[in-house]
Amino acid sequence: MLITLIPVSASENEKTIKIDPANVVGLVDMRTEITSMLEDLGYNWHPVFNESTQQFIKVAEKYDQYRMLFKLNTNNAIQINVHINQKDNVTGLHFFEMGNDHFNKEALKYFQLLKERSIQEFGDDSVSDGFSFFTP
């Protein structure tokens, strides 16, 4: 019998928050909701490369997902890749710090703020720590 092992732990330089807004009342547009939340937390939107148009744009589409990138105003090394599933709005916030193998104290503080704000916006039952492999 052959058993395939899939790593279930996140890398040391990425943390992922999964948002499943299935039970969120009043949700209009997940891209707008996430953008507003991240801008309030001090992140700026940065263009991402869209393979189909070969251009940098605000929201790229790939593998039935919307993809966006945000960088912290005060430290551009702290970044969030946003992936939103087009079918059900399940969202992955892939938080990482460029140039470091492990998070420093500042990055961990910003991750905790991101998680707390996500829970405030979408509810405790809609937000969980995710793994990159299992999160959009």
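Structure shown above.
Rules and cut-offs
- Residues numbered from 1 in each chain as written.
- Predicted model: local features only at pLDDT ≥ 70, side-chain atom pairs only at ≥ 80, totals over all residues.
- Heavy atoms only, no water.
- Helix = DSSP H or I, 4+ residues; strand = E, 2+ residues; numbered from the N terminus.
- Buried < 20%, exposed > 50% of the residue type's maximum accessible area, 1.4 Å probe, protein only.
- Contact = heavy atoms within 4.5 Å.
- Areas by Shrake-Rupley, 256 points an atom, 1.4 Å probe, with all protein chains shown as cover.
- Expected span 1.5 Å × (residues − 1).
- Polar contact = N/O pair within 3.5 Å; in protein donor to acceptor, adjacent residues only side chain to side chain.
- Phe/Tyr/Trp six-rings, centres within 6.5 Å; stacked < 30°, edge-to-face > 60°.
- Lys NZ or Arg CZ within 6 Å of the ring centre and 35° of its normal.
- Arc of directions from axis to C-beta.
- Core = buried A, V, L, I, M, F, W, Y, C linked by side-chain atoms within 4.5 Å.

Enquirer: Hey, could you run me through the overall build of the chain in this one?
Expert: On a plain count of helices and strands, the chain comes out with two helices and nine strands. Out of the 136 residues in the chain, the part that is buried amounts to 38%. Taking all contacts inside the chain whose residues are at least 6 apart in sequence as the whole, residues at least 24 apart take part in 58%. When the accessible area of the chain is evaluated, it comes to approximately 8,200 Å², of which 50% is carbon and sulfur surface.

Enquirer: How should helix 2 (residues 105-122) be read in this particular structure?
Expert: In an α-helix, one full turn covers 3.6 residues, which means residues spaced three or four apart are oriented alike. If you check helix 2, its first and last C-alpha atoms are 26 Å apart, about what 18 residues at 1.5 Å a residue would give, namely 26 Å. Capping the start of helix 2, Asn104 holds a side-chain oxygen 3.0 Å from the backbone nitrogen of Glu106, two or three residues further along. Following helix 2 by one or two positions, Gly123 has its phi on the positive side, about 95 degrees.

Enquirer: What's the story with the packing of aromatic side chains in this structure? I'm lost.
Expert: Between two aromatic rings, the relevant description is the distance of the centres plus the angle of the planes. Tallied over the full model, the rule gives three aromatic pairs. An aromatic cluster is defined as three or more aromatic residues linked by ring pairs; in this entry it consists of Phe95, Phe103 and Phe111. A cation sits over an aromatic face here: Lys15 above Phe111, 5.4 Å from the ring centre.

Enquirer: What should I look at first to understand helix 1 (residues 30-40) in this one?
Expert: The set of residues buried in helix 1 consists of Met30, Ile34, Thr35, Met37 and Leu38. Here the buried residues of helix 1 occupy an arc of 165 degrees about the axis, which is enough to place them on one side. The inward-facing, buried residues of helix 1 contact strand 1 (14-19), strand 2 (43-46), strand 6 (65-72), strand 7 (75-85), strand 8 (91-97) and helix 2. Following helix 1 by one or two positions, Gly42 adopts a phi angle in the positive range, close to 100 degrees.

Enquirer: Explanation requested: the nonpolar core in the structure shown.
Expert: Buried together is how nonpolar side chains tend to be arranged in soluble globular proteins. Within the largest apolar cluster, 24 residues are counted, with the highest numbers of intra-cluster contacts made by Ile34, Leu38, Tyr43, Val82, Leu93 and Phe95. Of all the secondary-structure elements, those providing two or more residues to this core are strand 1, helix 1, strand 6, strand 7, strand 8 and helix 2. Ranked by residues supplied to this core, first place goes to helix 2 with five residues. In contact with Leu93, not counting residues within four places along its chain, are Lys15, Thr16, Ile17, Ile19, Ile34, Met37, Ile80, Asn81, Val82, Leu114 and Ser118.

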